[in-house]
Amino acid sequence: GLVSVAAAYDFTNTYMFRGLRQDDTRVIMFPSAEARIDLHDDDDGVTDVALRLGTWNSLNTGAAGATGPSGKIWYESRFYSTLDVTFGGGITAGGSFTTYVSPNNSFSSVKELAFHVVGDDDEAIGGLVLRPHALVAFEFDTAPGFGQADGGQSGGIYLELGVAPGIRESGFGVSFPLKVGLSLDDYYELAGVDHTFGYLSLGAIATVPLGRSTTRGGWGLRGGIEFQSLGNTPEAFNGADQSQLIGTIGLAFSY
């Protein structure tokens, strides 16, 4: 149909946002949901235009949540709207508006405008897809110490470049994402100094379908492991540790 939905509930040992540690204590859960509305479908030139509306949340039982100063588990709620345009050859370009808020008042709200390009060719040899991507994100409506991921003096501009080679077959998928996060301007500030390198991420992710998809949708089990090597600012956020190992497992639903 013209509308599809997806939802997931993930568990992780550490919540890192673009290399910046948010919490690594007790149980951390990531419930999320998204609706996709197909606005246009054409085999010539522009093949697809879609609007995506979604929310992503972080529920923390440790220091950033239930056992922290607020005593409340709901650490973060993220709302976004994205317009994607997919061209022939599997190239998708789009723009997003995202607002990051903290229901337990652990951080000031962040507003962000981002633009992305993603490549996805399902006709690759042997089913292998490379899925390269690039993203540029701009923080706005900021003040010193407020409305910024790094809590710095000025709103930042973030650049992410990556690739996720992998194979998808009948709902089963495995990929090995590689990405780097960089500051184009004031995104990784530390003591008033911006550091260009944020983090390097290496990971492995597997998705396994739970039964066959039906007219009522399909379920899947997914899990992964990620290693992050951190730059100066993320290292300071991470208690002077230069790296972080992250494990995630969860359930996903699509209809």
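Before any of the text, the structure's been laid out above.
Predicted model, so just to flag it, every value in this text is computed and none were measured.

Help me out: how do you make sense of the overall build of the protein in this one?
A count of helical and extended segments in the protein gives one helix and 19 strands. At 19 Å, the protein has a C-alpha radius of gyration in line with the 18 Å of a compact globule built from 255 residues. Seen through its C-alpha atoms, the protein measures out along the principal axes to roughly 50 × 35 × 30 Å. Counting across all 255 residues of the protein, residues that qualify as buried make up 38%. Excluding contacts between residues fewer than 6 apart, the proportion of contacts in the protein whose partners are at least 24 apart in sequence is 55%.

Got a minute to help me understand a nonpolar patch on the surface in this structure?
Side chains of Tyr9, Phe11, Val27, Phe172, Val208, Leu210, Trp219, Leu221, Ile249 and Leu251 sit close together on the surface and give an oily, nonpolar patch of about 880 Å² of accessible area. A relative accessible area of 48% places Ile249 in the partly exposed class.

Even after reading the chapter, I still don't get the nonpolar core, so can you show me in this structure?
Inside soluble globular proteins, nonpolar side chains tend to come together where they are buried. The biggest cluster of nonpolar side chains holds 20 residues, and the ones touching the most others in it are Tyr15, Tyr158 and Tyr188. Those elements that place two or more of their residues in this core are β2 (15–17), β4 (28–41), β8 (110–119) and β10 (133–140). For this core, the element with the most residues is β2, which contributes three residues.

What exactly am I supposed to notice about the packing of aromatic side chains here?
Each aromatic ring pair is specified by the distance between its two centres and by the angle formed by the two planes. Following the criterion strictly, the structure yields 13 aromatic pairs and no others. Ring geometry for Tyr15 against Trp56: centres 5.4 Å apart, planes inclined by 50°, an arrangement best described as tilted. In this pair, Tyr15 sits in strand β2 while Trp56 sits in strand β5 (residues 46–60), placing the two residues 41 residues apart along the sequence. Look at Phe97 and Phe140: their rings are 6.1 Å apart centre to centre, the planes differ by 45°, and that puts the pair in the tilted class.

Could you clarify how one ought to interpret the side chain of Arg78 in this entry?
Examined against the element boundaries, Arg78 turns out to sit in strand β6 (residues 74–87). Exposure remark for Arg78: the relative accessible area of 15% places this residue in the buried category. At 3.0 Å, the side chain of Arg78 forms a polar contact with the side chain of Tyr15. Look past the residues within four positions of Arg78 in its chain and what remains in contact with it is Tyr15, Phe17, Gly54, Thr55, Trp56, Asn57, Thr98, Thr99 and Tyr100.

Which parts of the structure should I look at to understand the pattern of salt bridges?
A side chain of one charge can pair with a side chain of the opposite charge if their charged atoms are brought near each other. Under the criterion given, the structure shown has eleven salt bridges. With a shortest N-O distance of 3.0 Å, Glu34 and Arg52 are connected by a salt bridge. Taken together, the residues Glu34 in strand β4 and Arg52 in strand β5 connect sequence positions 18 residues apart. By relative accessible area, which is 18% here, Arg52 ends up buried.

Sorry if this is basic, but what is going on with the pairing of β4 here?
Side-chain positions along a regular strand alternate between the two faces of the sheet. Alignment of strand β1 (residues 3–12) against β4, held across ten bridges, turns out to be antiparallel. Bridging from a neighbouring strand, Tyr9 pairs with Pro31 of β4. Both β4 and β5 contribute to a ladder of eleven bridges, which runs antiparallel. Paired with Ile37 across the two strands is Leu51, which belongs to β5.

When you look at unusual backbone geometry in this model, what are you seeing that I'm missing?
Trans peptide bonds make up most of the peptide bonds, and negative phi angles are found at most residues other than glycine. With phi around 60°, Asp186 is a residue other than glycine that occupies positive phi space. Of note, Asp186 is situated in the loop between β14 (178–185) and β15 (189–190). The backbone of Ala191 shows a phi angle near 55°, a positive value even though the residue is not glycine.

When you look at the environment of Thr98 in this model, what are you seeing that I'm missing?
If you trace the backbone, Thr98 turns up in strand β7 (residues 91–101). Exposure remark for Thr98: the relative accessible area of 9% places this residue in the buried category. C-alpha of Thr98 to C-alpha of Lys111: the two residues are 13 residues apart in sequence and 6.0 Å apart in space. With near-sequence residues (within four places) excluded, Thr98 lies in contact with Arg78, Phe79, Tyr80, Val110, Lys111 and Glu112.

Help me understand the pairing of β1, please; the structure alone is not making it clear to me.
Judged from the seven bridges that link them, β1 and strand β19 (residues 243–254) form a sheet pairing that is antiparallel. Residue Tyr9 lies in a different strand from β19, and its bridge partner there is Leu251.

Reading the values: the criteria
Residues numbered from 1 in each chain as written. Predicted model: local features only at pLDDT ≥ 70, side-chain atom pairs only at ≥ 80, totals over all residues. Heavy atoms only, no water. Helix = DSSP H or I, 4+ residues; strand = E, 2+ residues; numbered from the N terminus. Rg over C-alpha atoms; globule rule 2.2 N^0.38 Å. Buried < 20%, exposed > 50% of the residue type's maximum accessible area, 1.4 Å probe, protein only. Contact = heavy atoms within 4.5 Å. Patch = residues over 30% accessible without salt bridge, like charges linked within 9 Å, V, L, I, M, F, W, Y side chains within 5 Å. Areas by Shrake-Rupley, 256 points an atom, 1.4 Å probe, with all protein chains shown as cover. Salt bridge = Lys/Arg side-chain N within 4 Å of Asp/Glu carboxyl O. Core = buried A, V, L, I, M, F, W, Y, C linked by side-chain atoms within 4.5 Å. Phe/Tyr/Trp six-rings, centres within 6.5 Å; stacked < 30°, edge-to-face > 60°. Polar contact = N/O pair within 3.5 Å; in protein donor to acceptor, adjacent residues only side chain to side chain. Pairing = 2+ DSSP bridges.

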